[in-house]
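So the chains spell out like this:
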Amino acid sequence: QVQLVESGGGLVQAGGSLRLSCAAPGRTFSSYNMGWFRQAPGKEREFVAAISWSGGTTYFPDSVKGRFTISRDNAKNTMYLQMNSLKVKDTAVYYCAADPRRFPARYDYWGQGTQVTVSS
């Protein structure tokens, strides 16, 4: 199993911005669908964003739509999550995940997470 590595988390005031990065190993990164998830203390894991293998299609839940953007640079084997207008409720550990597009479709590879804390 391939483990991804997140970075860029930290402490930010409400209304501020952070940019998370996810480094993926291997030469097959460009064939993977990728996603971001988060988990707050005592809460279930929550979907945050997804991007297709080519970067041409993205998805966001209503909780972050209009505030977060997802992108990728396949030449650098890296995916990004730009978080703007952060709210206290965005505080969570953020995880990147990879879907190698095998059957059944699912996120098989995960990072260890990076902490994002938003203060009021």
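The rules behind these values
Per chain, residue numbering runs from 1 following the sequence as it is written. Where local features are concerned, this predicted model is filtered to residues with pLDDT of at least 70; where side-chain atom pairs are given and counted, the filter is 80 or more; whole-chain, interface and lining totals use all residues. No hydrogens and no water enter the side-chain calculation; it runs on all heavy atoms of the structure. The helix count covers DSSP runs of H or I at least four residues long, the strand count covers runs of E at least two residues long, and both are numbered beginning at the N terminus. Throughout, the radius of gyration refers to the C-alpha atoms, and the reference size of a globule is 2.2 Å times the residue count to the power 0.38. Only protein chains enter the area calculation, which uses a 1.4 Å probe; residues under 20% of their type maximum are buried, those over 50% are exposed, and those in between are partly exposed. Contacts are assigned to residue pairs with any non-hydrogen atoms lying within 4.5 Å of each other. Per-residue accessibility takes into account occlusion by the displayed protein chains alone, with areas from the Shrake-Rupley method and a 1.4 Å probe. Whether two aromatic rings pair depends on their centres lying within 6.5 Å, for rings of Phe, Tyr and Trp, where Trp uses its six-membered ring; planes under 30 degrees apart make the pair stacked, over 60 edge-to-face, and the rest tilted.

J.: Can you explain the overall build of the protein? Please cite residues and give values.
T.: A tally of regular secondary structure across the protein gives 0 helices and 11 strands. Reading the protein from its N terminus to its C terminus gives the helix and strand order β-β-β-β-β-β-β-β-β-β-β. Over its C-alpha trace the protein gives a radius of gyration of 14 Å, about what one expects of a compact globule, namely 14 Å for 120 residues. In terms of its C-alpha atoms, the protein occupies a principal-axis envelope of roughly 40 × 25 × 25 Å. Within the span of the protein, comprising 120 residues, buried residues form 40% of the whole. Long-range contacts, defined here as pairs at least 24 residues apart, represent 54% of the contacts in the protein between residues at least 6 apart. Counting every atom, the protein has about 6600 Å² of accessible surface; 49% of that belongs to carbon and sulfur.

J.: How would you summarise the packing of aromatic side chains if you had to cite specific residues and measurements?
T.: Summed over the entire model, instances satisfying the criterion amount to 5 aromatic pairs. Taking the centre distance of 6.0 Å and the plane angle of 40 degrees together, the rings of Tyr-32 and Tyr-109 count as tilted. A residue pair is termed long-range when its members are at least 10 positions apart, and Tyr-32 in the loop between β3 (18-23) and β4 (33-39) and Tyr-109 in strand β10 (residues 109-110) qualify at 77 residues. Arranged with centres 5.1 Å apart and planes meeting at 80 degrees, the rings of Phe-37 and Tyr-107 form a pair that is edge-to-face. With Phe-37 in strand β4 and Tyr-107 in the loop between β9 (92-99) and β10, this pair connects stretches of sequence that are 70 residues apart.

J.: Give me the side chain of Ser-21: which residues, what numbers.
T.: Tracing the backbone through its elements, the reader meets Ser-21 in strand β3. Classification of Ser-21 by relative accessible area gives buried; the value is 18%.

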